[in-house]
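Residue strings, one per chain:
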Amino acid sequence: MINFNSEFVSNKQANLNITNRAVAYGDALFETIRVVKGELLFWEDHYFRLMSSMRILRMEIPMNFTLEFLENEILTTIKSNGLKENVSVRVKLTVYRDSEGLYTPKTNDIGYFIQVKRLDSPNFILNDIKEFPLIVDLFKDHYVNSGLLSNLKSTNRIVNTLAGIFAKENDFQNLLLLNQDKKVIEAINGNIFLVKGSSIITPPLTDGCINGVFRKQLMRIIEKQTDFTLEEKSISPFELQKSDEIFITNAISGIQSVSKYRKKSFSQSVARQLVAYFE
């Protein structure tokens, strides 16, 4: 069942009109949230990112669109799908501008829908790079233009889509995206971190990466460490092969270690230390 503006419909019934702006113009935002035993992980960060993104896109935020209202909508959707409270669930909350019009909408009113899917494990599981290698390369066919809009989780993610197709066709498990200055900014489905000695490096938001919720959580943890120094700085492709570790993060998978980039193989000892904080 899908929660479509507080009405529950089956997957077959949940059809968007062809004029829906999420379809016609990519005029929508989404949050993917991990729910464990009825708890929405990092929910406040997800909610405030969504509110900030809606303001940036000049969407009209309804008065009832509170943190408590959306949390209840999500939990009710999980229950309506017959998923028990003791399971882990992937939630996708999509908010779209619900208006007629061409490029210029007639109103800034919004609609939303919520989809849920059961996850196999209640915990974030770090991949074993020996048994499940994660091989990456650069995606150079198209670039992400840095700027405020690139930080948003919008449905306008065509570069990520094309990178996913390229990865599938060339037997890569993921690809690293570049901005217009040819700086590495993120992976197809998450933020990236490099480990070089005692430094852990991640690109700044000004380079165009997604303002990831898990990225923020991990940065808070790293900043409290005495063994490591967190750096937000631009990453050149040349730095990838000089790194000790590379890992990709998002709110559903947690931390996933890269095993190989071109001729360089990586370890994952730091990733193992960090993922322990989320157990």
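Up top is the structure these notes are about.
Fair warning: this is a prediction, and the values are worked out from it, not measured in the lab. (Residues numbered from 1 in each chain as written. Predicted model: local features only at pLDDT ≥ 70, side-chain atom pairs only at ≥ 80, totals over all residues. Heavy atoms only, no water.)

The subject of this paragraph is the overall build of the protein. Helix and strand counts for the protein stand at seven helices and 16 strands. Taking 2.2 N^0.38 as the reference for a compact globule, 279 residues should give roughly 19 Å; the C-alpha atoms of the protein span a radius of gyration of 19 Å, in line with that estimate. The principal-axis extents of the C-alpha atoms in the protein amount to approximately 50 × 45 × 35 Å. Per-residue burial over the protein gives 52% buried out of 279 residues. (Helix = DSSP H or I, 4+ residues; strand = E, 2+ residues; numbered from the N terminus. Rg over C-alpha atoms; globule rule 2.2 N^0.38 Å. Buried < 20%, exposed > 50% of the residue type's maximum accessible area, 1.4 Å probe, protein only.)

With that settled, the discussion passes to the sheet that holds strand β16 (residues 264–265). One open sheet holds the five strands; their spatial order is β9-β8-β7-β15-β16, and the pairing between them is mixed. Edge positions in the open sheet fall to β9 (184–187) and β16, since each of these has one partner strand only. Strand direction decides the pairing type here: strand β7 (residues 135–144) and strand β8 (residues 174–179), joined by five bridges, are parallel. The residue of β8 that forms the bridge with Val 144 is Asn 179. Along the sheet face, helix α4 (residues 158–169) touches β7, β8 and β9 and points at about 140° away from the line of β7. (Pairing = 2+ DSSP bridges. Contact = heavy atoms within 4.5 Å. Axes fitted to C-alpha atoms, helices over the stretch in contact; angles between N-to-C directions.)

Attention now goes to the sheet that holds strand β13 (residues 245–250). If you trace the five strands from one edge of the open sheet to the other, you get β12-β11-β10-β13-β14, paired in mixed fashion. Both edges of this open sheet fall to β12 (229–232) and β14 (254–257), since each of them pairs with a single strand only. Geometrically, the sheet is characterised by an average inter-axis angle of 25° between neighbouring strands, direction not taken into account. Inspection of the sheet shows β13 paired to β14 by four bridges, in the antiparallel sense. Bridged to Asn 250 within β14 is Gly 254.

Turning to the pattern of salt bridges, a few remarks are in order. For the coordinates displayed, the defined rule picks out 10 salt bridges. Glu 231 is paired through a salt bridge with Lys 233; the nearest N and O atoms lie 3.7 Å apart. A relative accessible area of 33% means that Lys 233 is categorised as partly exposed. Each of Arg 21, Asp 27 and Arg 97 takes part in a single network of salt bridges with overlapping partners. (Salt bridge = Lys/Arg side-chain N within 4 Å of Asp/Glu carboxyl O.)

For soluble globular proteins, nonpolar side chains are generally found buried alongside one another. Of all hydrophobic cores here, the largest spans 27 residues; its most connected members are Met 54, Ile 74, Val 91 and Val 95. Counting residues per element, the ones that place at least two in this core are β3 (28–36), α2 (43–56), α3 (67–80), β5 (88–97) and β6 (110–118). Sorting elements by how many residues they give to this core places α2 first, with five residues. Every residue in contact with Val 95, bar those within four places of it in the chain, is listed here: Ala 28, Leu 29, Leu 50, Met 54, Met 59, Phe 65, Ile 110, Gly 111 and Tyr 112. Counting 22 residues, the second-largest nonpolar core is a separate cluster that includes Phe 124, Leu 126, Leu 218 and Val 270. (Core = buried A, V, L, I, M, F, W, Y, C linked by side-chain atoms within 4.5 Å.)

So, on to a nonpolar patch on the surface. A surface patch of nonpolar side chains, about 250 Å² in accessible area, is lined by Ile 158, Leu 162 and Ile 165. By the secondary structure assignment, Ile 158 is in helix α4. (Patch = residues over 30% accessible without salt bridge, like charges linked within 9 Å, V, L, I, M, F, W, Y side chains within 5 Å. Areas by Shrake-Rupley, 256 points an atom, 1.4 Å probe, with all protein chains shown as cover.)

What sets the pattern is the α-helix's 3.6 residues per turn: residues three or four places apart point alike. Its 12 residues place the ends of α4 17 Å apart at the C-alpha level, agreeing with the 16 Å of an ideal helix rising 1.5 Å per residue. Three or more residues of α4 are buried, namely Val 159, Asn 160, Ala 163 and Ala 167. The arc that holds the buried residues of α4, viewed along the axis, is 95°, so those residues lie on one side. Away from the buried face of α4 by more than 90 degrees, exposed residues Ile 158, Lys 168 and Glu 169 are located. In this fold, the buried residues of α4 make contact with β7, β8 and β9. Among the residues trailing α4, Asp 171 stands out with phi positive, at a value near 60°. (Expected span 1.5 Å × (residues − 1). Arc of directions from axis to C-beta.)

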